[in-house]
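These are the residues of each chain, in order.
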Amino acid sequence: MIEAKEVNKIFGGHHVLKNISCSFEKGKTNLIIGQSGSGKTVLMKCLVGLYEVDQGKIIYDDRNFSEMNFEQRKNLRQEIGMLFQGGALFDYMTVEENVMFPLNMFTSQTKEEKQDRVNFVLTRVNLENVNWLMPSELSGGMRKRVAIARAISMNPKYLFCDEPNSGLDPQTAGVIDQLIKEITDEYGITTIVNTHDMNSVLSIGDTVAFIYNGELWWQGNKNTILHSDNKELNEFVFGTELTSRLKQ
Amino acid sequence: MKVITNTGDYVLLMLRVFTKPQKGRIFWQRLLDEIQGLGIESIGIVAFISAFMGAVVAIQTAYNIDSPFIPLSMVGFTVRQSVILEFSPTVISLILAGKVGSRIASEIGTMRVTEQIDALEIMGVNSANYLIFPKVVASMLINPVLIVLSMWMGILGGWLAMSAFGLVTTTDYVRGIRIDFQAYTIFYALLKTLFFAFIISTISGFYGYKTNGGALEVGQASTKAVVVSSILIILFNLVLTQLFLT
């Protein structure tokens, strides 16, 4: 379980996160939703330590991340996998080298063991015979899948996904969502997904936290979200033609 | 104020850069890649510019010797002194600041804006050390080699020009090159080169690493890296000359 306790983040006098306290459960797909600029990406970056919180604590299974030194964080981060919005694959490496990178850096496995692991995770994300392609030769959906493969190559306990569906067609977005859900269930990972895609919310949202103007405005799950009477949440969820028809 | 802030940020970044690499084998692999990218790929431009600059120095010196009391061997002497003392270590370093510096800043800057550096940090990799340290070591290893090559090419270019235009005989030119030669000048030139290589790689790495934004900012970081590196090379050239040649 990952907990955020009274987290505050201020950028140059602009209070981006205001006293956010919430928990993300083990073995579940925990979604953070909110409008663009609401602070959900900042919250995720605070959770993984890319931004330091100005006040508050981040707790990973009773380990206070906010008080850890560089070495302790380095060790904890080997338990974290992260899927970035654009994939963040290393341009100068092939698909195989990208996925093998964490194994090369942090394990003493033999070349054969690493190769087996790479082939296994690539197969797991339904990618085969792409080992020697460069990231520039991949489609958006394939890049995301390679990034997921890299994120799970070290068997992480925590998986963070920042806008995993951005820039993808609805069908490919659905495939990525299901992949994240399956991996979470299969390995009992604590998964946190940052999204504003309502399809994702309704299909994989075991828990949902709605961030509004830097505050935690509502918490629930994919079933309760459709029946909430929270005005701001309803405006966000049913803001499109498709979802407003769903409501009716 | 901005200079003080940047200096502080630079020092803090360097403290992260100059640590023991997390995995020796990966460091050596990256070092070889950087030697190839930053050094070997610069051989052509260094050789070309050096040869032509040596030729121009030789021609100008030859045409300016009017007095019969000044021996023609002075052409070789002038080419040698100007190439070894200033032209190769300083001017070629300025050219490398443009070529290599912009490459380092834009490469690291692009990695920053496409979240590749964040990805490294999330994995628990010291991204500053992983990205910048091999570039610094590679520059400090390969730049002296490039400068020695530049010295050879400069002197060779001067000789080729003199032979081609029939201004000075080979005997006079070679005699001039050998007059009052002091090996210390080579040591001084290579010492300057090491300082300049450090400046180019760390300043460019710094501006690339602190890039924030998109493609426009990557371009700006690249320009700043070249401008600041060039200014520091000129300033340190004065300081080092004063320290080691007086």
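Residues numbered from 1 in each chain as written. Chains lettered and ligands numbered in written order. Predicted model: local features only at pLDDT ≥ 70, side-chain atom pairs only at ≥ 80, totals over all residues. Heavy atoms only, no water.

Participant: For the overall build of chain A, give the residues involved together with the corresponding values.
Facilitator: Across its full length, chain A holds 9 helices and 10 strands. Since a compact globule built from 248 residues should have a radius of gyration of about 18 Å, the 18 Å found for chain A is in line with a globular shape. Principal-axis analysis of the C-alpha atoms gives chain A an extent of 55 × 45 × 30 Å. When the 248 residues of chain A are sorted by exposure, 53% land in the buried category. For chain A, restricting intrachain contacts to residue pairs at least 6 apart in sequence, the fraction spanning at least 24 positions comes to 65%. In the structure as shown, chain A presents an accessible area of about 11,100 Å², 47% of it carried by carbon and sulfur atoms. Seen as two clouds, the 26 positive and the 32 negative side-chain charges of chain A have centres 2 Å apart. (Helix = DSSP H or I, 4+ residues; strand = E, 2+ residues; numbered from the N terminus. Rg over C-alpha atoms; globule rule 2.2 N^0.38 Å. Buried < 20%, exposed > 50% of the residue type's maximum accessible area, 1.4 Å probe, protein only. Contact = heavy atoms within 4.5 Å. Areas by Shrake-Rupley, 256 points an atom, 1.4 Å probe, with all protein chains shown as cover. Lys, Arg positive; Asp, Glu negative; His and termini not counted. Charge placed at Lys NZ, Arg CZ, Asp CG, Glu CD.)

Participant: Tell me about the side chain of Ser200 of chain A, and please be specific about residues and values.
Facilitator: Residue and element names in this part refer to chain A. Its location among the elements puts Ser200 in helix H7 (residues 198-204). Side chain to side chain, Ser200 and Asp177 meet in a polar contact 2.8 Å long. Residues in contact with Ser200, not counting those within four places in the same chain, are Leu31, Asn165, Asp177, Thr195 and Gly205. (Polar contact = N/O pair within 3.5 Å; in protein donor to acceptor, adjacent residues only side chain to side chain.)

Participant: Go over the sheet that holds strand S6 (residues 80-83) of chain A with me, naming the residues and quoting the values.
Facilitator: Residue and element names in this part refer to chain A. Strand order in the open sheet formed by 6 strands is S6-S7-S8-S3-S9-S10, and the pairing between neighbours is mixed. Edge strands, defined here as strands with exactly one partner in the open sheet, are S6 and strand S10 (215-220). Averaged over all neighbouring strand pairs, the angle between strand axes comes to 20°, with direction disregarded. For strand S3 (residues 29-33) and strand S8 (residues 190-195), the ladder comprises 5 bridges, and the chain directions are parallel. Across the sheet, Asn30 pairs through a bridge with Ile192, a residue of S8. On top of the sheet, helix H1 (residues 40-48) reaches S3, S6, strand S7 (158-162), S8 and strand S9 (207-212); it is set at about 150° to S8, its chief contact. (Pairing = 2+ DSSP bridges. Axes fitted to C-alpha atoms, helices over the stretch in contact; angles between N-to-C directions.)

Participant: Describe the side chain of Asn6 of chain B, listing the residues and the values that go with them.
Facilitator: Residues and elements named next belong to chain B. Its location among the elements puts Asn6 in helix H1 (residues 2-17). For Asn6, a relative accessible area of 16% gives the class buried. Here Asn6 is in contact with Phe206, Tyr207 and Lys210, once residues within four sequence places are set aside.

Participant: Go over the environment of Asp172 of chain B with me, naming the residues and quoting the values.
Facilitator: Residue and element names in this part refer to chain B. Checked against the element boundaries, Asp172 lands in helix H7 (residues 170-178). Here the alpha-carbon distance between Asp172 and Ser73, two residues 99 residues apart in the chain, equals 4.5 Å. Non-local contacts of Asp172, meaning those with residues more than four positions away in its chain, are made with Leu72 and Ser73.

Participant: Talk me through the pattern of salt bridges; I want residue IDs and the actual numbers.
Facilitator: The tally for this structure, following the rule as stated, stands at 21 salt bridges over all chains. With its nearest N and O atoms 2.8 Å apart, the salt bridge here joins Glu121 of chain B to Arg16 of chain B. Taken together, the residues Glu121 of chain B in helix H5 (residues 116-123) and Arg16 of chain B in helix H1 connect sequence positions 105 residues apart. Each of Lys45 of chain A together with Arg112, Glu115 and Asp118 of chain B takes part in one network of salt bridges that share partners. (Salt bridge = Lys/Arg side-chain N within 4 Å of Asp/Glu carboxyl O.)

Participant: Explain helix H3 (residues 95-106) of chain A residue by residue, including any values.
Facilitator: The element H3 of chain A is extensively covered by neighbouring structure, given that 11 of its 12 residues are classed as buried. Val95, Glu96, Asn98, Val99, Met100, Phe101, Pro102, Leu103, Asn104, Met105 and Phe106 of chain A are the residues of H3 of chain A that are buried. Residues of H3 of chain A that are buried sit in contact with helix H4 (111-124) and helix H5 (140-152) of chain A together with helix H2 (24-39), H5 and helix H6 (127-165) of chain B.

Participant: Outline the sheet that holds strand S1 (residues 2-11) of chain A, listing residues and values.
Facilitator: Residue and element names in this part refer to chain A. Strands sit in the order S2-S1-S4-S5 across an open sheet of 4 strands; the sheet is antiparallel. Bordering the open sheet on either side are strand S2 (14-24) and strand S5 (63-64), each of which pairs with just one other strand. Pairing analysis gives 2 bridges linking strand S4 (residues 55-60) to S5, with the strands arranged antiparallel. For Tyr60, the partnering residue across the bridge sits in S5 and is Arg63. Against the sheet, H1 contacts S1, S2 and S4, and its axis sits at roughly 65° relative to S2.

Participant: Mind laying out the layout of surface pockets, listing which residues take part and the relevant values?
Facilitator: When its volume is computed, the largest pocket comes out at roughly 950 Å³. Along the walls of the largest pocket sit 25 residues, with Leu50 and Tyr51 of chain A together with Arg112, Asp118 and Tyr209 of chain B positioned nearest its centre. For the lining of the largest pocket, the elements supplying multiple residues, two or more each, are helix H2 (70-77) of chain A together with H1, helix H4 (73-113), H5 and helix H8 (184-209) of chain B. The greatest single-element share of the lining of the largest pocket, amounting to 4 residues, is contributed by H1 of chain B. In terms of residue class, the lining of the largest pocket is made up of 8 nonpolar, 5 polar and 12 charged. Forming the walls of the second largest pocket are 23 residues, and the residues nearest its centre are Tyr92, Met93 and Glu97 of chain A together with Gln29 and Asp33 of chain B. (1 Å grid on protein atoms, 1.4 Å probe; cavity = no way out; pocket = protein on both sides within 12 Å on 5 of 7 lines; lining within 4 Å. Points joined across faces, edges and corners; volume = space filled by probe spheres on them. Nonpolar A, V, L, I, M, F, W, Y, C, P; charged D, E, K, R; others polar.)

Participant: Quick rundown of the packing of aromatic side chains? Include the residues and the values.
Facilitator: A complete count under the given rule lists 17 aromatic pairs over all chains for this structure. Relative to Phe101 of chain A, the ring of Phe90 of chain A lies with its centre 5.2 Å away and its plane at 65°, an arrangement referred to as edge-to-face. Note that Phe90 of chain A is positioned in the loop between S6 and H3 and Phe101 of chain A in helix H3, a separation of 11 residues in sequence. The pair Phe90 of chain A / Phe101 of chain A is uniform in exposure class, with both members buried. Measuring from centroid to centroid gives 5.1 Å for Phe206 of chain B and Tyr207 of chain B, while their planes differ by 70°, and the two rings are edge-to-face. Residue classification places Phe206 of chain B among the buried residues on the basis of a relative accessible area of 4%. Each member of the aromatic cluster is reached from another via a ring pair, and the members are Phe18, Phe27, Trp28, Phe133 and Phe198 of chain B. (Phe/Tyr/Trp six-rings, centres within 6.5 Å; stacked < 30°, edge-to-face > 60°.)

Participant: Please set out the interface of chain B and chain A residue by residue, giving values where relevant.
Facilitator: Interface size is often expressed as the accessible area that is lost when the parts come together. Opposite the 19 residues of chain B that make contact, chain A presents 27 residues. Buried area between chain B and chain A, both sides added, is near 2,000 Å², and the carbon and sulfur share of it is 63%. On the chain B side of the interface with chain A, the three residues burying the most area are Glu115, Ile122 and Met123 of chain B, jointly 34% of the side's total. Where chain B packs against chain A, one counts 2 salt bridges. For Lys45 of chain A, the salt bridge identified is with Glu115 of chain B, shortest N-O distance 4.0 Å. (Buried area = accessible area lost by both parts, 1.4 Å probe.)

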